[in-house]
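Summary of the model geometry
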Amino acid sequence: MAVFCKTEALRRNLQALPEVVSLGEIEVEDNIIKYISIETRAIGGVTLHQLDIADAPGLFEFYTEGLSEKPRRLFAPYPLFHTPPSSADELVSRITNWKSENDWTALILVKDGRTIGFALLKRFSTERVTSAIVVRDEFLKRKMGYLLQSMIVEQARLLDLKKFHVKIVSDNLASVRLHEKCGFKQTRVLPPPIYEEILEYLSDSDKKNGNEPVDRHIVELVIDLDHGI
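Read on for a plain summary of the structure. Every value quoted in this text rests on a predicted model; they were computed, and no experiment measured them.

Our focus in this paragraph is the pattern of salt bridges. The final tally for this structure, using the stated rule, is 13 salt bridges. In this structure, Glu101 and Arg123 form a salt bridge, with 2.9 Å as the shortest nitrogen-oxygen distance. Here Arg123 lies in the loop between strand S5 (114-122) and strand S6 (130-135) and Glu101 lies in helix H4 (residues 88-101), a separation of 22 residues in the sequence. Residue class for Glu101 comes out partly exposed when judged on its relative accessible area of 27%.

Another aspect to go through is the packing of aromatic side chains. To describe a pair of aromatic rings, you give the distance between the ring centres and the angle between the ring planes. Scanning the model with the defined rule gives five aromatic pairs in all. Measuring from ring centre to ring centre gives 5.9 Å for Phe81 and Phe118, while their planes differ by 90 degrees; the resulting arrangement is edge-to-face. With Phe81 in the loop between helix H3 (69-74) and H4 and Phe118 in strand S5, this residue pair connects regions lying 37 residues apart in the sequence. Taken as a pair, Phe81 and Phe118 share a single burial class, namely buried. Geometrically, the ring pair formed by Phe164 and Phe184 is edge-to-face, given 5.4 Å between the ring centres and 80 degrees between the ring planes. Of this pair, Phe164 sits in strand S7 (residues 163-169) while Phe184 sits in the loop between helix H6 (173-181) and strand S8 (185-189); the two residues are 20 residues apart in sequence, bridging distant segments of the chain. On the accessibility criterion, Phe164 (2% relative accessible area) is buried. What links up through ring pairs into an aromatic cluster is the set Tyr63, Phe75, Phe81 and Phe118. Across the ring face of Tyr146, the terminal group of Lys181 is positioned such that the distance to the ring centre comes to 4.3 Å.

This part covers helix H5 (residues 144-158). Counted at 1.5 Å a residue, the expected span for H5 with its 15 residues is 21 Å, and the 21 Å between its end C-alpha atoms agrees. Most of H5 is tucked away, with 14 of its 15 residues classed as buried. After H5 finishes, the residue Asp160 shows a positive phi value of roughly 60 degrees.

What counts and how
Residues numbered from 1 in each chain as written. Predicted model: local features only at pLDDT ≥ 70, side-chain atom pairs only at ≥ 80, totals over all residues. Heavy atoms only, no water. Salt bridge = Lys/Arg side-chain N within 4 Å of Asp/Glu carboxyl O. Helix = DSSP H or I, 4+ residues; strand = E, 2+ residues; numbered from the N terminus. Buried < 20%, exposed > 50% of the residue type's maximum accessible area, 1.4 Å probe, protein only. Phe/Tyr/Trp six-rings, centres within 6.5 Å; stacked < 30°, edge-to-face > 60°. Lys NZ or Arg CZ within 6 Å of the ring centre and 35° of its normal. Expected span 1.5 Å × (residues − 1).

Following this line, the structure appears as structure tokens:
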């Protein structure tokens, strides 16, 4: 499909999202979303752009100050946040290395000059493509997670991907429902040893907060792009 046709299809699909009031500039290069300006119903104007080295200070502030401990623990995609970066300079190095791999794409969601959301489509040149999203604490329940995941779905379409998957902690019902709203379907429950560190952290948090223990596991959800959102 020609670049112009793909860009117009992207515009139509985004405009159809219930959270989008209007779209401004859209820039796509080599089937990668570079920039989009959006007027949203919940919080007004926002922009999305492809991650760049210059984003490191704002992304570091977002990760260390904009997220509470739990989302930081749950959002740890290699190579940017697999271990928490100690400084913006360290994040510069990680972004530089990440960009050299050339089979990832990441979108920064910005409101009034601040990073309020971040999304990844990881290793789209393999058969096991996955995605991850995270939203600044103060913008939760403002439909920004849905917007980000919808953007990642559209990015996957631009790349002509057939499907991709996400992995979610089973009692994170808000995330499960968000992905189902975007067209994902649960395909399997992963064996307990997988992601054991995260499950142990959540169990320890329950005990620390005086809550009853929860029987958690990791579920995998997959979206089939051949059948629409």
